[in-house]
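Each chain, written out:
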Amino acid sequence: MKKNFVILFLFSFAFIATNCVKKGVKEEWAIVLHGGAGSAKPMEPHVRQFYLDLLDQALEIGTSMLQEGADALDVATQVVVWLEDCPFFNAGKGAVTTMEGIHELDAAIMDGRNLQAGAVAGLRDIKNPILAARHVMEDSPHVLLIGEGASAFAAQMGLTVVENSYFSTRDPDPNGTVGCVVLDKNGNLAAATSTGGMSGKRWGRVGDVPVIGAGTYANNHTVAVSGTGHGELWIRRCVAFDISALMDYKGLSVEEAAAQVIFEKIDPMEGSGGGVICVDKEGNIAMEFNTGMMYRAWATAGGERGAAIE
Ligand code: ASP
């Protein structure tokens, strides 16, 4: 009789332990990046493959750093620098222009461990706006610098200054904004986003990307989020912070929170196309968009890896 109890006890213990482990699987690290959202456009198979390869190359930068134990902030920064230098996205080289044909760039970065953040808006001559945002976070007492003041600060920090024409390419219709969210091996979350903004915008217009809590947000207790889409709506709905808040206050999963914001809160607003990429503190990923496509790629320490457009 006693022996039966022991066996029953051991079985129950094994059952509970297995199920807990299955449900609570925590990824050692995870990364998601995006290259913007928009209407689906017909694409030749080789063009599609070209973009998927680009996304994978950017992803590889992040995954190899994460495997070696790099910090989430450094990973997000390096991935976005690469995407800014890549001329096929609307960020850094390849950025769209204002009504007057000038490039004005916005970027932001946020550190989930201490809620430090840095952002720049309306940069016309700094090669890598995301590096300028990082300097604002780390080397100034401020969060957001704009225009000439932001440029002067970035130049003072030793960043590469370029002519505005450096950002021009022959592509009249580059892909979108770029962003990256990361969970590293130490449990730190970071988010980074960079953009040329909306094509044909008014000069001086600032989008959601450098507005902390709208297009960019990271908090180690919840989630890291990077957005892309119609920035004015992202600002009005505090999209990135709302996802974090739904997880924090309502206990929603990252998938539920992202879907609720994109489909229930943003969708009913007129002209509201876009999407978000998110990674939570457990390494769960969400990639939601209400447009025809969002360029994206993702990987986890557990072996998940992929890139997709539609
Ligand atoms: N969200 C960006 C902005 O409004 C644009 C984009 O993501 O395509 O500036």
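Everything below is about the structure printed above this text.
These remarks concern the structure in this document. Treat the numbers as computed from the prediction; the structure is a model and nothing was measured.

Some thoughts on the nonpolar core
Thought 1: One finds Ile-31, Leu-33, Val-79, Val-120, Cys-180 and Val-182 to be the most contacted residues of the largest nonpolar core, which totals 52 residues.
Thought 2: Judged by nonpolar contacts, the second largest core, of 38 residues, contains Ala-224, Trp-234, Ile-243 and Ile-266.

Details of the packing of aromatic side chains
Thought 1: Summed over all chains, the structure comprises seven aromatic pairs.
Thought 2: With 5.0 Å between their ring centres and 85° between their planes, Phe-50 and Phe-88 make a pair best called edge-to-face. Separated by 38 residues along the polypeptide, Phe-50 in helix H2 (residues 45-67) and Phe-88 in the loop between helix H3 (72-85) and strand S2 (105-111) bring together distant segments of the chain.
Thought 3: Overall, Phe-50 belongs to the partly exposed group, its relative accessible area being 35%.
Thought 4: You can call Phe-88 partly exposed: its relative accessible area is 29%.

So, the pairing of strand S1 (residues 30-38)
Thought 1: Across the nine residues of S1, eight count as buried, placing the element largely inside the fold.
Thought 2: Where S1 meets strand S11 (residues 293-300), seven bridges bridge the pair, whose relative direction is antiparallel. Note on S11: the bridge partner recorded for Ala-37 is Met-294.

Describing the side chain of Asn-220
Thought 1: Within the secondary structure, Asn-220 sits in the loop between strand S7 (216-218) and strand S8 (223-229).
Thought 2: A polar contact of 2.7 Å, which involves the side chain of Asn-220, links it to the backbone nitrogen of Leu-189.
Thought 3: Those residues in contact with Asn-220 that sit more than four places away from it in its chain are Gly-112, Arg-113, Gly-187, Asn-188, Leu-189 and Lys-281.

Section: the state of the cysteines
Thought 1: Tallied over the full model, the rule gives zero disulfides.
Thought 2: Considering cysteine sulfurs only, Cys-278 is the nearest to Cys-180, which forms no disulfide, with 13 Å between them.
Thought 3: Owing to a relative accessible area of 0%, Cys-180 belongs among the buried residues under this scheme.

Some details on the sheet that holds strand S3 (residues 116-123)
Thought 1: Within the open sheet, the eight strands sit side by side as S4-S3-S2-S6-S5-S1-S11-S12. Their pairing is mixed. The open sheet has two free edges, formed respectively by strand S4 (144-146) and strand S12 (305-308), since each of these has just one partner strand. Each neighbouring strand pair of the sheet contributes to a mean axis angle of 5°, computed without reference to strand direction.
Thought 2: Strands S2, S3, S4 and strand S6 (189-195) of the sheet are contacted by helix H4 (residues 129-139), whose axis makes an angle of about 135° with S3.

Observations concerning the sheet that holds S7
Thought 1: The strand order across the open sheet formed by four strands is S7-S8-S9-S10, and the pairing between neighbours is antiparallel. Both edges of this open sheet fall to S7 and strand S10 (285-289), since each of them pairs with a single strand only. On average, adjacent strands in this sheet sit at an angle of 10° to one another, irrespective of strand direction.
Thought 2: With seven bridges joining them, S8 and strand S9 (residues 274-280) adopt antiparallel strand pairing. Bridging across to S9, Val-225 finds its partner in Cys-278.

Considerations on the site of the ligand
Thought 1: Taken together, Thr-177, Gly-197, Met-198, Arg-205, Gly-207, Asp-208, Thr-228, Gly-229 and Gly-231 make up the full set of residues near the ligand.
Thought 2: One of the side-chain N or O atoms of Thr-228 is found 2.8 Å from an oxygen atom in the ligand.
Thought 3: Within the backbone of Gly-229, a nitrogen or oxygen atom sits 2.7 Å from a nitrogen atom of the ligand.
Thought 4: Considering the ligand on its own, with 270 Å² of exposed area, one finds that the protein chains cover 94% of that surface.
Thought 5: When its residues are assigned to classes, the shell around the ligand shows one nonpolar, six polar and two charged.

Cut-offs and rules
- Residues numbered from 1 in each chain as written.
- Predicted model: local features only at pLDDT ≥ 70, side-chain atom pairs only at ≥ 80, totals over all residues.
- Heavy atoms only, no water.
- Core = buried A, V, L, I, M, F, W, Y, C linked by side-chain atoms within 4.5 Å.
- Buried < 20%, exposed > 50% of the residue type's maximum accessible area, 1.4 Å probe, protein only.
- Phe/Tyr/Trp six-rings, centres within 6.5 Å; stacked < 30°, edge-to-face > 60°.
- Helix = DSSP H or I, 4+ residues; strand = E, 2+ residues; numbered from the N terminus.
- Pairing = 2+ DSSP bridges.
- Polar contact = N/O pair within 3.5 Å; in protein donor to acceptor, adjacent residues only side chain to side chain.
- Contact = heavy atoms within 4.5 Å.
- Disulfide = S-S within 2.5 Å.
- Axes fitted to C-alpha atoms, helices over the stretch in contact; angles between N-to-C directions.
- Near = heavy atom within 4 Å.
- Areas by Shrake-Rupley, 256 points an atom, 1.4 Å probe, with all protein chains shown as cover.
- Nonpolar A, V, L, I, M, F, W, Y, C, P; charged D, E, K, R; others polar.

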